[in-house]
Amino acid sequence: MKNTMKRDTRSKGSGGGDVVLLSNARLTAAGRPAGNGGRKGDPAPTATMRVAPRSAEALPVSAPEKRAAARKSLKAAAKARARRGTRRFTAEKVIKESRRWLNIIANANKLNMARKKTVVKETVKSFNAYFNSGFLEYRKAVAEAEQYAAIEWTGQGSYIEDIMGRQYIDCLGGFGIYSAGIRHPKIVEAVRSQLDRMPLSSQELLDPLRGALAELLGEIAPGNLQKCFFINNGTDAVEGAMKLARLYTEKSGFISTIRGFHGKSYGSLSLMGKAEYRVAFEPLLQDVYFVEFGDADEVEWQLKKARDVGLDIAAVVAEPVQGEAGAIVPPDDYWPRLREICDEYDVLLIADEVQTGMGRTGKLFGVEHWDVIPDIMCLGKALGGGVMPLSAFISTPEIWKVLEANPFLHSSTFGGNPLACAAGIAAINVTLEEDLPGQAAASGDYFLTGLRDIQSRYPEHLVDVRGKGLLIGIEFDTTEFGYSVAAGLFRRGVLVAGTLLNAKTIRIEPALSIPRKLIDEVLGHLDDTLKSLS
């Protein structure tokens, strides 16, 4: 065989050592693939390849370099060991554990006390080791409830029951998802029936429930809001609304509100008016400008400045009533003026109704309190009836045209799936048939009256009571006192919570059909709690 190996003509002492060039013919003859492996579709191999010098003498390595290399090697090995970990179950163990949990699920109502205690212990352990141990610290009142941590197990209507059988009046409502109550029979049955037939979409055939829900939503939405897109949670709805606004206006900027809450994905987080959530992830979208909620003059001033200096603003985004901020209700002229200002400056108005929609504030949609029709509206939480995750953004046919040329410009694998749409159809039916907005308005007035009566007796601690419908905030003088009130109510069988990072203001968001006698019971427990803390 002809020797095709070639050597560089440089001497060994030239500083580069021997560099050997091997031809592809030689590699092939040796039984090794030519070029980069000879895979189908790879680029054609070059004629030769370089092979590292074989002689260690040719590339002398100093002692410090050797020590540095050794340190790097030890560091890499330590990282590799850490990545591998030591906690891994065998496949057989995973199968056994999953089978055990499936058995618990199937026999949830038949567990004896020993098995219940095991579930409590394992839940706390798994949250700490595998989920997010910070959640246990934040939910300390729940994690350390009496003798056993409160493990959510079942619920119905306005009650939640833990695994030990302790009942709680639900005045939190999953931060607004349980407007129709927990496990509303009609909504559960709709989802169960759909599950028996077709749980998820093929992604290719037309799903009739998606069309039916879209029609119902388009018919009950304010004004000419008609075209919609379904997704899974509120932040997705806000992201979609932002994309639609930018696409339609061909502008990039947004005006949002201080303390406004619009979700935690990248785009919606950029609209977030709270530093606690933003700072860790900055820089976010840069062309977002913040104004005080409820101040229409500041919105107008911000838009005037933007026009004067050539900044492009696509939309103004706000909640009808700020929920996460603590049920902040704007002045009555705020939303009508926002509508006028946005029209004057040719920008879109986006209403974030994720928490206020579906009757929560005493109207089907929060903006209806002021007879305002936004350009885009975001929905979520209660839209799924408290049974399935479901959200949507909805706009006018004119604005929606920009998405129709390419219907996959915005898409979602699970958005608008048959189970969620079945829940949404049932949720709309229940909301209208049972007049949940009307119930929320009446019960909200009753609740607020009772709370203000309590405030008059403890004004040094209970500094404010506010809200619309059954989106209510009670504000205390300090965060510590607010947390003590929430913990005291929990011990008395009432489930409430502060805003996500602050217990100074406690939100009250029960089912819109909460019975009057339960409201009286909650008011009594609050009075007892304040009496014990004062």
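Here we summarise the structure given alongside this text. Remember, it's a predicted structure, so these values are computed and weren't measured experimentally. (Residues numbered from 1 in each chain as written. Predicted model: local features only at pLDDT ≥ 70, side-chain atom pairs only at ≥ 80, totals over all residues. Heavy atoms only, no water.)

**As for the overall build of the protein chain**
Part 1 of the reasoning: Across its full length, the protein chain holds 19 helices and 18 strands.
Part 2 of the reasoning: Relative to its full complement of 534 residues, the protein chain shows a buried share of 45%.
Part 3 of the reasoning: Long-range contacts, defined as pairs at least 24 residues apart, comprise 70% of the intrachain contacts of the protein chain with a sequence gap of at least 6.
Part 4 of the reasoning: Counting every atom, the protein chain has about 27,900 Å² of accessible surface; 55% of that belongs to carbon and sulfur. (Helix = DSSP H or I, 4+ residues; strand = E, 2+ residues; numbered from the N terminus. Buried < 20%, exposed > 50% of the residue type's maximum accessible area, 1.4 Å probe, protein only. Contact = heavy atoms within 4.5 Å. Areas by Shrake-Rupley, 256 points an atom, 1.4 Å probe, with all protein chains shown as cover.)

**Overview of the packing of helix α9 (residues 208-220) against helix α16 (residues 418-433)**
Part 1 of the reasoning: α16 packs onto α9 with a crossing angle of 35 degrees between their chain directions and a minimal axis gap of 9 Å. Viewed along their axes, α9 and α16 form a crossing whose handedness is left-handed. Note on element contacts: α16 touches α9 through P418, C421, A422, G424, I425, I428 and L432, opposite L209, R210, A212, L213, L216, L217 and I220.
Part 2 of the reasoning: Grouping the amino acids of the contact of α9 with α16 by side-chain chemistry returns 12 nonpolar, one polar and one charged. (Axes fitted to C-alpha atoms, helices over the stretch in contact; angles between N-to-C directions. Left-handed = near helix turned anticlockwise from the far one by under 90°. Nonpolar A, V, L, I, M, F, W, Y, C, P; charged D, E, K, R; others polar.)

**Details of the side chain of R360**
Part 1 of the reasoning: Within the secondary structure, R360 sits in the loop between β11 (348-352) and β12 (376-379).
Part 2 of the reasoning: Despite its burial, R360 remains without a salt bridge, the nearest opposite charge being carried by E509 at 4.1 Å.
Part 3 of the reasoning: A distance of 3.3 Å separates polar atoms of two side chains, one belonging to R360 and the other to S179.
Part 4 of the reasoning: One polar contact links the side chain of R360 to the main-chain carbonyl oxygen of P510, over a distance of 2.8 Å. (Lys, Arg positive; Asp, Glu negative; His and termini not counted. Salt bridge = Lys/Arg side-chain N within 4 Å of Asp/Glu carboxyl O. Polar contact = N/O pair within 3.5 Å; in protein donor to acceptor, adjacent residues only side chain to side chain.)

**Examining the pairing of β11**
Part 1 of the reasoning: Taking burial as the measure, the five residues of β11 include five buried ones, the bulk of the element.
Part 2 of the reasoning: Where strand β10 (residues 313-318) lies against β11, four bridges are found, and the strand directions are parallel. Residue pairing in the sheet places V317 in a bridge with I350 of β11.
Part 3 of the reasoning: Handedness of the crossover joining β10 and β11 through helix α14 (residues 334-344): right-handed.
Part 4 of the reasoning: Where β11 lies against β12, three bridges are found, and the strand directions are parallel. Bridge pairing links A351 to M377 in β12. (Pairing = 2+ DSSP bridges. Right-handed = clockwise from strand over helix to strand, strands pointing away.)

**Considering the nonpolar core**
Within soluble globular proteins, side chains that are nonpolar generally end up buried alongside one another.
Part 1 of the reasoning: By size, the foremost hydrophobic cluster in this structure holds 86 residues, and its most contacted members are L303, W335, F447, L451, I474 and L530.
Part 2 of the reasoning: Broken down by element, the residue count for this core peaks at nine residues, all from α16.
Part 3 of the reasoning: Once you skip the residues sitting within four places of it in the chain, W335 turns out to touch A318, E319, P320, P330, L349, I350, A351, V367, W370 and V372.
Part 4 of the reasoning: F229, L244, V288 and I350 belong to the second-largest nonpolar core, a separate cluster that totals 23 residues. (Core = buried A, V, L, I, M, F, W, Y, C linked by side-chain atoms within 4.5 Å.)

**Looking at the layout of surface pockets**
Over the atoms a probe the size of a water molecule is rolled, and this reveals where empty space is left.
Part 1 of the reasoning: Counted as a void, the second largest pocket has a volume near 870 Å³.
Part 2 of the reasoning: Along its surface, the second largest pocket is lined by 26 residues, and R210, F229, P407, F408 and H410 are the ones closest to its centre.
Part 3 of the reasoning: Residue assignment for the lining of the second largest pocket shows that the elements contributing at least two residues are α9, β7 (227-231) and α15 (397-404).
Part 4 of the reasoning: Broken down by element, the lining of the second largest pocket gets its largest block of residues, four residues, from β7.
Part 5 of the reasoning: Classifying every residue of the lining of the second largest pocket by side-chain character gives 11 nonpolar, 10 polar and five charged. (1 Å grid on protein atoms, 1.4 Å probe; cavity = no way out; pocket = protein on both sides within 12 Å on 5 of 7 lines; lining within 4 Å. Points joined across faces, edges and corners; volume = space filled by probe spheres on them.)

**Describing the sheet that holds β7**
Part 1 of the reasoning: Taken together, seven strands build an open sheet; the order of strands is β7-β13-β12-β11-β10-β8-β9 and the sheet is mixed. Each edge of the open sheet carries a strand with a single partner, namely β7 and β9 (288-291). Direction aside, neighbouring strands of the sheet carry axes that sit 20 degrees apart on average.
Part 2 of the reasoning: Sitting on the sheet, helix α13 (residues 296-309) touches β8 (253-257), β9 and β10, and the angle it makes with β9 is about 150 degrees.
Part 3 of the reasoning: Lying on the sheet, α14 is in contact with β8, β10 and β11; it crosses β11 at an angle near 150 degrees.

**Quick look at the environment of L213**
Part 1 of the reasoning: Structurally, L213 is set in helix α9.
Part 2 of the reasoning: L213 sits 15 residues away from C228 along the chain, and the two C-alpha atoms are 9.7 Å apart.
Part 3 of the reasoning: The residues contacting L213, other than those within four sequence positions of it, are F230, L390, C421, G424, I425 and I428.

**Observations concerning the packing of helix α3 (residues 91-106) against helix α4 (residues 113-131)**
Part 1 of the reasoning: Packing of α3 against α4 brings their axes to within 13 Å, and their N-to-C directions diverge by 120 degrees. Comparing their axes, α4 and α3 come out oblique. The handedness of the crossing between α3 and α4 comes out as left-handed. Facing R100, W101, N103 and I104 of α3, the residues of α4 in contact are R115, V119 and E122.
Part 2 of the reasoning: Taken together, the residues of the contact of α3 with α4 sort by class into three nonpolar, one polar and three charged. (Parallel < 35°, antiparallel > 145°, perpendicular 65-115°, else oblique.)

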